[in-house]
Amino acid sequence: MNLEIPYQILNYIDGAFSVPQNNQYLDNINPATGEVYGQIPNSTLPDIERAVSAAKAAFPNWSESTPEQRFRVLNRIAELIEENIDAFALAETNDNGKPLWLSKRVDIPRASENFRFFATGLMHFASESHSMGEKAINYTLRKPIGVVGCISPWNLPLYLFTWKIVPALAAGNCVVAKPSEVTPMTAYLLSVICQKAGLPAGVLNIIHGNGPNCGSEIVKHPDIKAISFTGSTRAGKDIAAIAAPMFKKISLELGGKNPNIIFDDCNWEKMMRTTVQSSFANQGQICLCGSRILIHEAVYEKFKTEFIARVKELTVGDPLDTNSKQGAIVSKLHFDKVMSCIALAQQEGGKILLGGNSIKPEGRCINGYFIEPTIIEGLGADCRTNMEEIFGPVVTLQSFKTDEEALQLANTSDYGLAATIWTQDISRAQKMASMVHSGIIWVNCWLLRDLRTPFGGFKNSGVGREGGWEALKFFTEQKNVCIEL
Ligand code: NAD
């Protein structure tokens, strides 16, 4: 299959490719080189209107199709992503700056898995009935909502895009979706594949553009009845403010500032190896990264010495080079933000133990946006550095004396997405897991994902849960029928 990407990509509306109505485009930049390498539609309300009309027209047929029919086409898309993994992985890396081996090993296979997971899941999706003995029987229907909006971020572009559009489609909805304007390419390739796979026109519409002109028009549109959003807490607040008075269903997966709690009785080697990953994988740009490392005082110095030595080994460089463990930061804007956070940490009295600087790799990446993995100590729990999400290759170290203190430090955060706990003591692990205010807890592991489990956060990390039945339920409206016998 020819999956070449044109210099100007197009919107995918009603099963066909179309230019934005205003004929305006945004530059797309490769963060590893700093060069403009393509353009994407700067879509606005008229494009959303066309997409909504197409989705409304497609809805009756799609929502009434059988689970087997929907399974077939969604599963075919999974196969086509797999068959074209090289083209997808390269597009993801050129757009996002992440190492090519990571796109190939994680992002793209996982996007394909999302299709397969929900395609098969929909075949087993059942609703409940409640008997009132001889008096009556209740049964609950789950109906697709109609036209729904899905908006996703740049950090795991295709993986998070598919994590929401596939359950929406599987449940029988028609979708108007917007990938991040910073990383649009794999969503464009997905639209090419959807056409080839025979997804009926209008069922999925992919519109490119930015937050203010395009994303917020999706949120505001009266015919889009539910919004599934992953992104920053700031944008999540704006979306909630618009959607709430319109009584739209919303699912918000937002920021994190996750504690990684290390007790002195843990499996040391496994903890060290995993902590390097949970701190810096994808340049620290995963909402689940453990950016606040809390260490028992008995092993604080040992941890610090060994952690610095291991992180020094992480080669930062050209994402196309197989030796690069760390690639580029996603954009100049985000690079500047992360660098300003490092400067703020120093103003707040933090001591930089490792890193703290930008990097200019030799060769084609000389103008790219690279930052050294950075380790900081000496800051209190409630300073801005430890309270605000940085979303880059920056972690802080804090020590604690008791379990209670560890818990207090962990919960000193307005966020509550994920936490990692390292201990061999099962009672302590269980107690900490139940008392840390986070929606996702990993004990003696990190990022071990079972797609059936609920995914989402407490506090400023969001509203609702994705994953498994939770996602299919979100994209349906329940109707209870009570029959007196
Ligand atoms: P962002 O909020 O800037 O943008 C996310 C998406 O929303 C983009 O497509 C953007 O164009 C759009 N958008 C922006 N403002 C909007 C608005 N007012 N209305 C509608 N759409 C709008 O986030 P980002 O910088 O792309 O991603 C990084 C953030 O995402 C981090 O905060 C990270 O923690 C979070 N994130 C959360 C999860 C999770 O599952 N909880 C996963 C990944 C990333």
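Nothing here was measured: the structure is a model prediction, and the numbers come from that model.

**Comments concerning the domain arrangement of the protein**
Think of interface size as the accessible area that goes away when the parts come together; that is how it is often given.
Here's step 1: As assigned here, the protein comprises domain 1 (11-254 + 462-484) and domain 2 (258-459).
Here's step 2: Relative to domain 2, the C-alpha centre of domain 1 lies at a distance of 30 Å.
Here's step 3: On the side of domain 2, 37 residues touch domain 1, which itself brings 37 residues to the contact.
Here's step 4: Each partner contributes to the roughly 2700 Å² buried at the junction of domain 1 and domain 2, and carbon and sulfur atoms together form 57% of this total.
Here's step 5: Of all residues in domain 1, Ala32, Trp154 and Arg465 give up the largest surface area on contact with domain 2, accounting jointly for 20% of the area buried on that side.
Here's step 6: Between domain 1 and domain 2 we count zero salt bridges in total.

**Section: the layout of surface pockets**
Here's step 1: Quantified by volume, the second largest pocket comes out at close to 740 Å³.
Here's step 2: Forming the boundary of the second largest pocket are 26 residues, of which Trp101, Leu102, Gln277, Ala281 and Trp446 lie nearest the centre.
Here's step 3: Mapped onto the lining of the second largest pocket, the elements with two or more residues apiece are helix H4 (100-121) and helix H9 (268-280).
Here's step 4: The element best represented in the lining of the second largest pocket is H4, accounting for eight residues.
Here's step 5: A per-class count over the lining of the second largest pocket returns 13 nonpolar, three polar and 10 charged.
Here's step 6: Built from parts of two domains, the lining of the second largest pocket gets at least three residues from each of domain 1 (11-254 + 462-484) and domain 2 (258-459).

**Here's the deal with the sheet that holds strand E6 (residues 136-144)**
Here's step 1: The three strands lie next to each other as E5-E6-E24, forming an open sheet whose pairing is antiparallel. Strands with a single pairing partner mark the edges of an open sheet, and in this sheet they are strand E5 (129-131) and strand E24 (476-484). Mean inter-strand twist for the sheet, computed between neighbouring axes without regard to direction, equals 15 degrees.
Here's step 2: As defined by bridge partners, E6 adjoins E24 across nine bridges and the pair is classed as antiparallel. What sits directly across from Leu141, in E24, is Lys479.

**Observations regarding a nonpolar patch on the surface**
Here's step 1: A contiguous nonpolar patch, built from Tyr7, Ile29 and Val36 and spanning about 260 Å² of accessible area, is present on the exposed surface.
Here's step 2: Its location among the elements puts Ile29 in strand E3 (residues 25-30).
Here's step 3: A residue is classified by how much of its surface remains accessible, and Ile29, at 33% relative accessible area, is partly exposed.

**Let's talk about the nonpolar core**
Here's step 1: Core analysis: the largest hydrophobic core is formed by 94 residues, its most contacted members being Leu190 and Leu288.
Here's step 2: At 10 residues, helix H5 (residues 157-170) tops the list of elements feeding residues into this core.
Here's step 3: Of all hydrophobic cores here, the second largest spans 22 residues; its members include Cys266, Trp268, Met272 and Phe307.

**Observations concerning empty space enclosed by the protein**
Here's step 1: Across all of its chains, the model carries five cavities of 30 Å³ or more by this definition.
Here's step 2: Considered as a void within the structure, the largest cavity measures approximately 110 Å³ in volume.
Here's step 3: Taken together, 16 residues make up the lining of the largest cavity; nearest its centre are Gly284, Ile286, Cys289, Ser291 and Phe391.
Here's step 4: When the residues that make up the lining of the largest cavity are grouped by side-chain class, the tally is seven nonpolar, seven polar and two charged.
Here's step 5: If you add up the space inside the second largest cavity, you get close to 80 Å³.
Here's step 6: In terms of lining, the second largest cavity is formed by Arg110, Leu156, Tyr159, Leu160, Trp163, Ile286, Cys287, Leu288, Arg449 and Phe455.
Here's step 7: Two domains share the lining of the second largest cavity, each providing at least three of its residues, namely domain 1 (11-254 + 462-484) and domain 2 (258-459).

**Considering the sheet that holds strand E17 (residues 374-377)**
Here's step 1: In spatial order, the strands read E14-E17-E18-E13-E12-E20-E21; together these seven strands make up an open sheet with mixed pairing. Sheet topology places strand E14 (351-354) and strand E21 (440-443) at the edges, where each strand pairs with a single neighbour. Between one strand and the next, the sheet's axes are offset by a mean angle of 25 degrees, whatever the strand orientation.
Here's step 2: Pairing geometry for E17 and strand E18 (residues 394-400), over four bridges, is parallel.

**Notes on helix H14 (residues 426-435)**
Here's step 1: Of the positions making up H14, those classed as buried are Arg428, Ala429 and Met432. Considered in projection along H14, the buried side chains sweep an arc of 100 degrees and stay on one side of the axis. Exposed positions of H14 whose direction lies more than 90 degrees from the buried face are Ile426, Ser427, Gln430 and Ser434.

**As for the packing of aromatic side chains**
Here's step 1: Scanning all chains against the criterion turns up 13 aromatic pairs.
Here's step 2: Seen from their ring centres, Trp163 and Phe455 are 6.4 Å apart, and the 90 degrees between their planes marks the pair as edge-to-face. Residue Trp163 is found in helix H5, and its partner Phe455 is found in the loop between E21 and strand E22 (458-459); the two are separated by 292 residues along the sequence.
Here's step 3: Classification of Phe455 as buried rests on a relative accessible area of 9%.
Here's step 4: For the pair Phe303 and Phe307, a centre-to-centre distance of 4.9 Å together with 25 degrees between the ring planes defines the contact as stacked. Of this pair, Phe303 and Phe307 both sit in helix H10 (residues 300-312), four residues apart, which is roughly one turn of the helix.

**Examining helix H3 (residues 85-96)**
Here's step 1: With 12 residues, H3 ought to run about 16 Å at 1.5 Å a step, and its terminal C-alpha atoms sit 16 Å apart, in line with that.
Here's step 2: Within the span of H3, buried status applies to Phe88, Ala89, Ala91, Glu92, Thr93, Asn94, Asp95 and Asn96.
Here's step 3: For H3, the secondary structure elements touched by its buried residues are E3, strand E4 (35-41), helix H2 (67-83), H4, H5 and helix H6 (185-197).
Here's step 4: Note on H3: the residue one or two positions beyond its end, Gly97, has a positive phi of about 90 degrees.

Rules and cut-offs
Residues numbered from 1 in each chain as written. Predicted model: local features only at pLDDT ≥ 70, side-chain atom pairs only at ≥ 80, totals over all residues. Heavy atoms only, no water. Domains from an automatic or database assignment. Contact = heavy atoms within 4.5 Å. Buried area = accessible area lost by both parts, 1.4 Å probe. Salt bridge = Lys/Arg side-chain N within 4 Å of Asp/Glu carboxyl O. 1 Å grid on protein atoms, 1.4 Å probe; cavity = no way out; pocket = protein on both sides within 12 Å on 5 of 7 lines; lining within 4 Å. Points joined across faces, edges and corners; volume = space filled by probe spheres on them. Helix = DSSP H or I, 4+ residues; strand = E, 2+ residues; numbered from the N terminus. Nonpolar A, V, L, I, M, F, W, Y, C, P; charged D, E, K, R; others polar. Pairing = 2+ DSSP bridges. Axes fitted to C-alpha atoms, helices over the stretch in contact; angles between N-to-C directions. Patch = residues over 30% accessible without salt bridge, like charges linked within 9 Å, V, L, I, M, F, W, Y side chains within 5 Å. Areas by Shrake-Rupley, 256 points an atom, 1.4 Å probe, with all protein chains shown as cover. Buried < 20%, exposed > 50% of the residue type's maximum accessible area, 1.4 Å probe, protein only. Core = buried A, V, L, I, M, F, W, Y, C linked by side-chain atoms within 4.5 Å. Arc of directions from axis to C-beta. Phe/Tyr/Trp six-rings, centres within 6.5 Å; stacked < 30°, edge-to-face > 60°. Expected span 1.5 Å × (residues − 1).

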